[in-house]
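Below are the chains, spelled out letter by letter.
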Amino acid sequence: MKNTWRSIWIMTFASLAVWVAAYVIARLVPPAFAQAVEEEEPIGAPVKEQEELPPDLRQSADNNVSFPVDI
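Residues numbered from 1 in each chain as written. Predicted model: local features only at pLDDT ≥ 70, side-chain atom pairs only at ≥ 80, totals over all residues. Heavy atoms only, no water.

S.K.: Hey, could you run me through the overall build of the protein in this one?
M.R.: Of regular secondary structure, the protein possesses two helices and zero strands. Expressed as a percentage of the 71 residues in the protein, the buried residues total 0%. Accessible area for the protein stands at about 8,000 Å²; split by element, carbon and sulfur atoms hold 62% of it. (Helix = DSSP H or I, 4+ residues; strand = E, 2+ residues; numbered from the N terminus. Buried < 20%, exposed > 50% of the residue type's maximum accessible area, 1.4 Å probe, protein only. Areas by Shrake-Rupley, 256 points an atom, 1.4 Å probe, with all protein chains shown as cover.)

S.K.: It is not clear to me how the packing of aromatic side chains should be interpreted in this structure. Could you clarify?
M.R.: What describes a pair of aromatic rings is the distance from one ring centre to the other and the angle between the planes of the rings. If you walk through the whole model with that rule in mind, you get two aromatic pairs. Ring centres 5.6 Å apart and planes at 15 degrees place the aromatic pair Trp19 and Tyr23 in the stacked group. Residue Trp19 and its partner Tyr23 are both found in helix α1 (residues 2–28); the two are separated by four residues, about one turn of the helix. A relative accessible area of 54% means that Trp19 is categorised as exposed. On the basis of relative accessible area, Tyr23 is assigned to the partly exposed category, the value being 44%. (Phe/Tyr/Trp six-rings, centres within 6.5 Å; stacked < 30°, edge-to-face > 60°.)

Encoded structure:
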């Protein structure tokens, strides 16, 4: 019985320590610390805008698949 209560107290203090550490990190560490990386230029060629497909190609048979449902 004594060993069980010792485990309960250890888990209680450990969970309290983790909670306090998370609270301190969330409140005291400035949010800009994680975003302190200098801005870099984009890698590769600029992305071109996609062409708008005509309605015939947008509504092809592959896009309108339906399955029969048994009632």
